[in-house]
Amino acid sequence: MSDVIDRPMLDQEKTAATRLKIIDCDIHPSIHSHSDLNEFLPKRWQQHLKEYGSHLRTPYIGTTPYPRSSPLIARRDAWPPTGGVPGSDLDFMRKQHLDPFDVEFGILQVLDLFIFSQQNLEFGAAIQRAINDWQLAFWAHRDPRLKASILVGQDGSDLGLAEIERCAKTGEYIQINVSPRANEPLGRRRYWPIYERAQELDLPLGIHVGGYGGHAPTGGGWPSYYCEEHQSNAHTVASNLTSLVLEGVPERFPKLKIVFIEGGFGWIPATMWRMDQHFERFRSEVPHLKRRPSEYVKEHFWFTTQPIDEPDEAKHLRQLIEWVGIDRLLFSSDYPHWDYDDARYAFKTPLTEAERRKIFNSNARAVYKF
Amino acid sequence: MAVTRIDCDIHPAVGGTRTTLLPYLSDHWKEQVVSRAIDGLDLNSYPPSMPLSGRADWRPADGRKPGSDLAMVQRGAFDQLGASHAICNVVYGAQAVFDPYMAADFCKAINDWIAAEWLARDTRLRASIVVPIQAPDLAVEEIERRAGDNRFVSILVPSQNEMLLGRRHYWPIYQAAEKYRLPIAIHAGSAYRGAPSSIGWPSYRYEYYLAEAQAFQAQTLSLIYEGVFGKYPGLTVVLMESGVSWLPAFMWRANKTWRGVRVEVPWVEREPAAIIRDHFRVTMQPFDAPMDATSVADIIDQIGSDKMFLFASDYPHWQFDGDDPVPPHLPAGLVKQMCEDNPLETFPRLKLSS
Amino acid sequence: MTRHIVARTSEIPAGGNKVFGLDGRDIVVFHVNGEFFALLNRCPHEGAPLEKAACVARLTSPAPGIYQRDRVGEMLRCPWHGWEFDIRNGQSWFDPNRFRIRSYPVAVESGAELQKGPYVAETFPVHIEDNYVIVEV
């Protein structure tokens, strides 16, 4: 790695991360407790939450299947001094992240309550609705830099479509987020009505990694360790990308913008090359594709940068970025989680000022129309 | 003397259990396959009629499966593609059978068949031992049975089984593999026990084939993190038909994750990428690289070890057109190494003269 | 090298740490197993504040399933990405030569000794009856 920090912090690093303002496409706010949602959640579902809780396709009710590397997968310095869990205190988030990094816009990504993994679809829809309201009331309305997404579970697609309508009317949401691990791969036609509506509303489709779809995290089966499960996030995004492209989603919805969040970007070139390499062999199976798969990727998909890859040689990261394309990359920090990327130091390879501007700001500005 | 070019991955095809394998089955299973019509075990991973499964010019005119005719394979793999030796990997549904004893007898029959009808008829051929991966103790028995025959140079296992290959369940196989200097050849192919990807069942065979690369990645991590190479330091694993270009970013991410979470697996004392370079080899069809020379050079540089690459045509699978299985733009020195030196090092039982 | 008297030994509790600003840099002093260690308060990776690091055992293993712990509390686990560092010299576990936290010599001296000088006490009152942590920067 080219840039090992073994010096005191420079003055300019103490104030602003870079000379440009940052758009951070992945910030995780958290509820303090379930009662935060009471004002947004009907009594019937409050009661359900209390008595039946989250019914997931995982073994435990109190934790994740693979114990994570830190409590609540958070940076150990992200616990607010006022109490509460990381990401639950707006003032502390401002002090620790939004202000020092000069975040111009931060896109909220809510993972609380296993929001996309609820087996009871009505309950899932109720908490998605509550979380959508909570994002505005607790975050976006209190700090105009923070932007909310409409969270919907695509397996209850009628409920999801209704929620999209309800939220879109407000004009306050900047994206529609769906589950990365739904009942079926994301390209399948049962999910197309959501994509069609996203295209009509001109809202990007956001897909943040995580969740539990009931299938093993890898095509080879269930791993034993978190270090395996964590890397399998890259499998999930690669499989979803190929599903969406091969089923013809960009072909059918040519104005739809799709953003993969927290999948990193190292896996993208090989995935595109492999799709293209075998396209001729399988073309007759997917005659609805009019172009080589990588061409759809380069026009319809964007990728947030965290967790960034860290090759030993800086030039390798540079090659990777060029293969993916500077225009496809949207900076994200993943604050306050442990595998967070620091905007000042994460890109350990030289970038021109114009390239930095694209990755850290203008690409996202264009996708989200800020 | 012709140049040495060891093709590490070609595919003779089993016609069927009631035809090809019948003479090699035990009496019990002979009666069973006939009386119950137990046949049709071609894997869903490779339907013989699918374009990928057989290049047009490598398909028998009478409609039999590509790879089923020795003379045709000899013409294709040796005369046309220029191999001096070739390793036969029989990818067949025996390794997906649920009944472990049926699986074991079918695997034994495949190995007897390949020895009698392929290896005995062409001294340029070698083979991987097809093992009943479903039952490691029976797999070890099959390895022991072949251990004295140096024409068997590796152990074939599919890339998607009942569980990830690093699990302790499979360790007896690795112990035998190390003892008899047989690398584990993981070949693309699924027993369809679970969805081929973490997001579920794909619609297309194309999509399934793309997901194979990720199954190989998961197997690689599993073997490393479960500590297989600390336990069996002499073990080599060959990824066959895995694709290659995913390796750099995969190694970077593995290193990054291990640096932070290695407390889970303290027996893994080196970076995963270093373990990969020492213990893993990869066949070069498909390579899945872009078509420009610069990117190919960058990928090779990023992988960081010329020893990992093995020449392979994947005959009769349709991975390329024309007569040269070597992916374009590879440096000449590397091509020579992957055709001769690397295979000889990877498959220590493979002696050119025998 | 300048010697700074940074604290009374009693001000840094066992198992804890304290951050001091010395010559424009933040230095964190850990108190582990009766000894004091001073390190730059920044992870060499992405700059995380090491004062929030977990002090853990040095973990090794001869074989899967066997966990050998020694030097309990003497490894720092970075609060962000979990990199482990040796508290004695700042070296990373996974690549000691390439990745290390800058570390600084520390001494513990009695007030009686210190009053003889020379030292940089700044405005720090030194009492004969106490012991003090001294960091060289």
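Residues numbered from 1 in each chain as written. Chains lettered and ligands numbered in written order. Predicted model: local features only at pLDDT ≥ 70, side-chain atom pairs only at ≥ 80, totals over all residues.

Chemist: Help me understand the overall build of chain C, please; the structure alone is not making it clear to me.
Modeler: Summing up its helical and strand segments, chain C has one helix and 10 strands in all. Counting from the amino terminus, helix and strand elements in chain C follow one another as β-β-β-β-β-β-β-β-β-α-β. Considering only C-alpha atoms, chain C reaches an extent of 55 × 30 × 20 Å along its principal axes. When the 137 residues of chain C are sorted by exposure, 36% land in the buried category. (Helix = DSSP H or I, 4+ residues; strand = E, 2+ residues; numbered from the N terminus. Buried ≥ 20, exposed ≤ 12 C-beta atoms within 10 Å, placed from the backbone.)

Chemist: Help me out: how do you make sense of the nonpolar core in this one?
Modeler: Generally speaking, a soluble globular protein has its nonpolar side chains buried in company with each other. In terms of nonpolar packing, the biggest core is built from 252 residues, with Ile110(B), Val131(B), Ile155(B), Ile186(B) and Val29(C) touching the most fellow members. Per element, the largest residue contribution to this core is 13 residues, and it comes from helix 6 (residues 205–225) of chain B. Sequence-distant contacts of Ile155(B), that is, excluding residues within four places in its chain, are made with Ser128(B), Ile129(B), Val131(B), Ile143(B), Ile173(B), Ala177(B), Leu182(B), Ile184(B) and Ala185(B). (Core = buried A, V, L, I, M, F, W, Y, C linked by C-beta atoms within 7 Å. Contact = placed C-beta atoms within 7 Å.)

Chemist: What's the story with the interface of chain B and chain C in this structure? I'm lost.
Modeler: Where interface size is quoted, it is often the accessible area lost as the parts come together. Contacts between the two partners involve 11 residues from chain B, matched on the other side by 10 residues from chain C. At the level of secondary structure, the elements contributing two or more residues to the side of chain B that touches chain C comprise helix 7 (228–231) and helix 8 (247–261) of chain B. For the side of chain B that touches chain C, the element with the most residues is helix 8 of chain B, which contributes three residues. Its residues assigned to classes, the side of chain B that touches chain C comprises four nonpolar, three polar and four charged. (Nonpolar A, V, L, I, M, F, W, Y, C, P; charged D, E, K, R; others polar.)

Chemist: Sorry if this is basic, but what is going on with the sheet that holds strand 6 (residues 68–77) of chain C here?
Modeler: Sheet strands pair by backbone hydrogen bonding; their relative direction is either parallel or antiparallel. All names here are of chain C. Pairing in this open sheet of three strands is antiparallel, and the strands run 5-6-7 from one edge to the other. Edge strands, defined here as strands with exactly one partner in the open sheet, are strand 5 (54–60) and strand 7 (84–86). Averaged over neighbouring strand pairs, the angle between their axes works out to 60 degrees when direction is ignored. (Pairing = 2+ DSSP bridges. Axes fitted to C-alpha atoms, helices over the stretch in contact; angles between N-to-C directions.)

Chemist: Is there a simple way to explain unusual backbone geometry in this structure?
Modeler: The bulk of non-glycine residues show a negative phi, and the bulk of peptide bonds are trans. In this structure, the amide linkage connecting Gln306(A) to the following residue, Pro307(A), adopts the cis form with an omega of -5 degrees. Within the secondary structure, Pro307(A) is located in the loop between strand 7 (301–304) and helix 12 (314–324). The omega torsion of the bond from Tyr335(A) to Pro336(A) falls at 0 degrees, within 30 degrees of zero and hence cis. Within the element layout of this structure, Pro336(A) appears in the loop between strand 8 (329–330) and helix 13 (353–368). For Asp102(A), which is not glycine, the phi torsion reads 55 degrees and is therefore positive. Assignment of secondary structure puts Asp102(A) in the loop between helix 3 (90–98) and strand 2 (103–108). Of the residues examined, Asp102(A) has 16 C-beta atoms within 10 Å and is grouped as partly exposed. Within the chain, Asp23(C) stands out as a residue other than glycine whose phi angle is a positive 50 degrees. The class of Asp23(C) is exposed, set by 10 C-beta atoms lying within 10 Å.

Chemist: Help me out: how do you make sense of the interface of chain A and chain B in this one?
Modeler: With 54 residues of chain A at the contact, the number on the chain B side is 55 residues. By residue number, the principal contributor to the side of chain A that touches chain B is helix 7 (residues 226–246) of chain A, which donates 15 residues. When the residues that make up the side of chain A that touches chain B are grouped by side-chain class, the tally is 21 nonpolar, 23 polar and 10 charged.

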